[in-house]
Amino acid sequence: MTAKRSWVAHSPVAAVVLPVIGLIGAIALWWLAVIAFSIPEYLLPTPKDVTLTFFEQPAYLLEQLWVSFLETVEGFLLSIVVGVPIALLIVRSVLLERLVYPLLLMLNSIPKIAVAPLLVIWFGFGQGPKVLMVLLVCFFPVVISTAQGMKSTPAELVELMRSLNASRTQEFFKLRLRFALPQIFTGLKVAISLAVIGSVIAEFVGATEGLGYVITQSGASADTSLAFAGITLLSLMSIVLFYGLVWLEHLLVPWAEENR
Amino acid sequence: MIRLDGVGQVFDGREGRITALEKIDLHVHAGEFVTLIGRSGCGKSTLLRLIAGLLPPTSGTVEVAGEPVTGPRADVSFMFQRPALLPWRSVLSNVLLPVELDRQARDRTTYRDLAHTLLEMVGLQGFERRLPHELSGGMQQRVSLCRSLIRSPQVMLMDEPFSALDALTRTELSEELQRIKMELSTTIVFVTHSIEEAVVLADRAVVLTPRPGRMREIVEIDIPRPRTLGPNAHLEDVARISGRLHGLLAEKTAPDDVRPTDKVRSR
């Protein structure tokens, strides 16, 4: 009994096999439910329907996926380019913190979906407003986590750098920024999940391409299988992006896993 | 080597001014091992930071090697209570940090060799590539010791470096430091609240009394080296000096040091 339990908890094989069994079980249950209660396809398609729909037009769907992917990644990268310097400035100057921080809070309190139509009015139907939406959604977690991380440097290490006559630049790059990295990554992982949501929201409103657009269109024609295919592709993209970040974190800050 | 004249330190705290140190006159000779001993809050760490140039004194003058201290010096190293290692750097690169930060330092390969020698000296050969979190507390503090020795400092300032370690490791490291000190001509000022450490390590122990930190007495410790706390130690001498330090540290503080306002305000 105990041996079985420890296999479940500790075996690396179990760590892969068990989730797969869970996933297959869930899909089987879904399929079974559709057949057992004879649910029509426009309400709930079977896994088979979804797969078939995807293979009816794979090139088109992958193209739309690529559009959404680019918007998401561009907006996410932009949020780092904009957010990290702002966080650094906030940490550096109390005056700026007092001036800007409440504004940021206000900006964050706006429901982003409400802004989507405005973005279309201002910037049209292209990719620009989508990237901007992703930026808006990602920006806040990036700023907050970077600012927190920059403030988390232990006092003793700051004193050590001072006792070694380190310049401010050295102290910044060799100590503070390095120390902030784990917390920055925490923020980035929150942001990347939000980024996918942001691009889909933006594509719901005034778009001509992207998976968000595909899903709204499929709703209009009651093509539920197509919507499911789009949603599945979006989830896969989200998972790949998230674990890409986890992998990058593992490469850049291997020391953090044991430290916190 | 180190000269303090009429040094005083006042902090502006939330509850008004706090006099941390008052009228400190101290002369540490070259090659001498001096411990500053006292209860917590007697300003001994503050005194060490004044010598390190991490803090300017409110009054009086601090001189190292005949020059007034204006900031941290390259020939003075500081060792902290905690190892203060950078968690993403290997043991070796932590030891080499002071050299890396010094833009004037040359001969980096020489320093690399020195780092290996130092690590070997404290029994850490083979651990050069490890990260700090893979080491025990005692090993981390040994790395920190190597780091403070890497630039062959004239003066080493040590702020309760072994106090966070378990008793056995602490004794071990004290004896190791004593051994290292016997080979080097470095001047060491060592802050502690442990009578044991003071007796094993110091040529002179400076006893400080708290609030405000004043010098109570300087106790000469003339027990032959190497000193140990184990068998064959000069037990009588150790007992005599330990007793004396204990007596000085246990003295009741003057009544004017008691601050009733603290209690009244916290209600």
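Quick caveat: nothing in here was measured; it's all calculated off a predicted structure.

## Things to note about the environment of Ala229(A)
All names here are of chain A.
No. 1: Mapped onto the fold, Ala229 is located in helix H11 (residues 224-252).
No. 2: The sequence separation of Ala229 and Thr51 amounts to 178 residues, and the corresponding C-alpha distance is 7.2 Å.
No. 3: Each residue touching Ala229, except ones within four places of it in the same chain, is listed here: Val50 and Leu61.

## Quick word on helix H7 (residues 128-151) of chain A
Residues and elements named next belong to chain A.
No. 1: The end-to-end C-alpha distance of H7, which contains 24 residues, comes to 34 Å, matching closely the 34 Å that a straight helix rising 1.5 Å per residue would cover.
No. 2: By the largest-angle criterion, Cys138 marks the main kink of H7, which is about 35°, and a proline, Pro141, follows within four residues.
No. 3: The buried fraction of H7 amounts to 18 of the 24 residues, a majority that puts the element mostly inside the structure.

## Structural notes on the sheet that holds strand E5 (residues 67-68) of chain B
Residue and element names in this part refer to chain B.
No. 1: Taken in spatial order, the four strands line up as E2-E1-E4-E5 in an open sheet, and their pairing is antiparallel. For this open sheet the edge positions go to strand E2 (16-28) and E5, each flanked by a neighbour on one side alone.
No. 2: Pairing of strand E4 (residues 59-64) with E5, which is carried by two bridges, proceeds in the antiparallel orientation. Residue pairing in the sheet places Glu63 in a bridge with Pro68 of E5.
No. 3: Packing against the sheet, helix H1 (residues 44-52) makes contact with strand E1 (2-13), E2 and E4, and its axis sits at approximately 120° to E1.

## Quick word on the nonpolar core
No. 1: Grouped together as the largest cluster of nonpolar side chains are 77 residues, with contacts concentrated most on Leu61(A), Phe76(A), Leu175(A), Leu4(B), Leu36(B), Leu47(B) and Leu157(B).
No. 2: Looking at this core, the element that brings in the most residues is helix H9 (residues 168-204) of chain A, giving 13 residues.
No. 3: Residue contacts for Leu157(B): discarding those within four places in its chain leaves Leu48(B), Ile51(B), Ala52(B), Val76(B), Ser77(B), Phe78(B), Met79(B) and Val189(B).

## Concerning the interface of chain B and chain A
No. 1: On the chain A side, the residues contacting the 22 residues of chain B number 19 residues.
No. 2: The junction of chain B with chain A conceals about 2100 Å² of combined surface from both sides, 62% of it contributed by carbon and sulfur atoms.
No. 3: On the chain B side of the interface with chain A, the three residues burying the most area are Leu54(B), Trp88(B) and Leu101(B), jointly 32% of the side's total.
No. 4: A salt bridge links Glu100(B) to Lys174(A), with the shortest nitrogen-to-oxygen separation between them at 2.5 Å.
No. 5: The interface formed by chain B and chain A holds six residue pairs in polar contact (both at pLDDT 80 or more) in total.

## Re the UniProt feature "transmembrane region" (unreviewed entry) in chain A
Residues and elements named next belong to chain A.
No. 1: UniProt marks residues 12-39, 65-91, 103-125, 131-150, 184-206 and 226-248 with the feature "transmembrane region" (unreviewed entry), using the numbering shown here.
No. 2: For the annotated span residues 103-125, helix accounts for 83% and strand for 0% of the residues, and the straight-line distance between the end C-alpha atoms is 28 Å.
No. 3: Overall, residues 226-248 shows 100% helix and 0% strand. The separation of its end C-alpha atoms is 33 Å.

## Details of the pairing of strand E3 (residues 33-37) of chain B
Residue and element names in this part refer to chain B.
No. 1: The buried fraction of E3 amounts to five of the five residues, a majority that puts the element mostly inside the structure.
No. 2: Burial of the side chains of E3 extends over both faces: Phe33, Thr35 and Ile37 are buried on one face and Val34 and Leu36 on the other.
No. 3: Examined bridge by bridge, E3 and strand E8 (residues 187-192) share five bridges and lie parallel to one another. Looking across to E8, one finds that Val34 is bridged to Val189.

## Details of the domain arrangement of chain A
All names here are of chain A.
No. 1: Domains assigned within chain A are domain 1 (1-39) and domain 2 (45-259).
No. 2: Taken over C-alpha atoms, the centre of domain 1 sits 31 Å from the centre of domain 2.
No. 3: Of the residues lining the interface, four residues belong to domain 1; the matching set on domain 2 comes to six residues.
No. 4: When domain 1 packs against domain 2, the two sides together hide about 430 Å² of surface, and 89% of this comes from carbon and sulfur.
No. 5: Considering only the surface of domain 1 that becomes buried against domain 2, Trp30, Trp31 and Val34 emerge as the three largest contributors, covering 93% of it.
No. 6: At the junction of domain 1 with domain 2, the criterion picks out zero salt bridges.
No. 7: Scanning the region where domain 1 abuts domain 2 turns up one residue pair in polar contact (both at pLDDT 80 or more).
No. 8: The class makeup of the residues in the side of domain 1 that touches domain 2 is four nonpolar, no polar and no charged.

## Here we look at a nonpolar patch on the surface
All names here are of chain A.
No. 1: Together, Trp7, Val8, Val13, Val16, Val17, Leu18, Val20, Ile21 and Ile24 line one region of the surface with nonpolar side chains, adding up to about 790 Å² of accessible area.
No. 2: Put simply, the parts of the chain that give the nonpolar patch at least two residues each are helix H1 (2-10) and helix H2 (12-36).
No. 3: Here the element with the most residues in the nonpolar patch is H2; it accounts for seven residues.
No. 4: With respect to the helices and strands, the residue Leu18 is situated in helix H2.

Rules used in this analysis
Per chain, the residues get numbers from 1 upward, laid out in the order the sequence is written. Both sets of labels track the order of writing: A upward for chains, 1 upward for ligands. It should be noted that, the model being predicted, local features are given only for residues of pLDDT at least 70 and side-chain atom pairs only at 80 or more, the latter also being counted only at that level, while totals for whole chains, interfaces and linings use all residues. In computing side-chain properties, one takes all heavy atoms of the structure into account and sets aside hydrogens as well as water. What counts as a helix is a DSSP run of H or I of at least four residues, what counts as a strand is a run of E of at least two, and both are numbered from the N terminus. Between two residues, a contact is recorded if the distance between any of their heavy atoms is within 4.5 Å. Multiplying 1.5 Å by the residue count of a helix minus one yields the expected span of that helix. At any given residue, the bend is defined as the angle formed between two axes, one fitted to the seven residues that end at that position and one fitted to the seven that begin there. Only protein chains enter the area calculation, which uses a 1.4 Å probe; residues under 20% of their type maximum are buried, those over 50% are exposed, and those in between are partly exposed. Whether two strands pair comes down to DSSP finding at least two bridges between them. To obtain an axis, a line is fitted to C-alpha atoms, over the contacting stretch when the element is a helix, and the angle between two such axes runs from 0 to 180 degrees between their N-to-C directions. We define a nonpolar core as any set of buried Ala, Val, Leu, Ile, Met, Phe, Trp, Tyr and Cys residues linked to one another through side-chain atoms lying within 4.5 Å. As a working definition, buried area equals the accessible area (1.4 Å probe) given up by two parts on being put together, with both sides summed. Each salt bridge in this description consists of a side-chain nitrogen of Lys or Arg and a carboxyl oxygen of Asp or Glu lying within 4 Å of one another. For the purposes of these results, a polar contact is taken to be a pair of N or O atoms within 3.5 Å, where, inside protein, one atom must be able to donate a hydrogen and its partner to accept one; residues adjacent in sequence count only when each atom of the pair is a side-chain atom. UniProt positions are given in the numbering used here, feature names are shortened, and annotations may be inferred rather than shown by experiment. In this entry, domain limits derive from an automatic or database-based domain assignment. Three classes are used: nonpolar for Ala, Val, Leu, Ile, Met, Phe, Trp, Tyr, Cys and Pro, charged for Asp, Glu, Lys and Arg, and polar for all others, with Gly counted as polar. Each patch groups residues whose relative accessible area exceeds 30% and which form no salt bridge, using 9 Å between like charges and 5 Å between nonpolar side chains of Val, Leu, Ile, Met, Phe, Trp and Tyr. The method behind every accessible area is Shrake-Rupley, applied with a 1.4 Å probe, and residues are considered shielded solely by the protein chains displayed.

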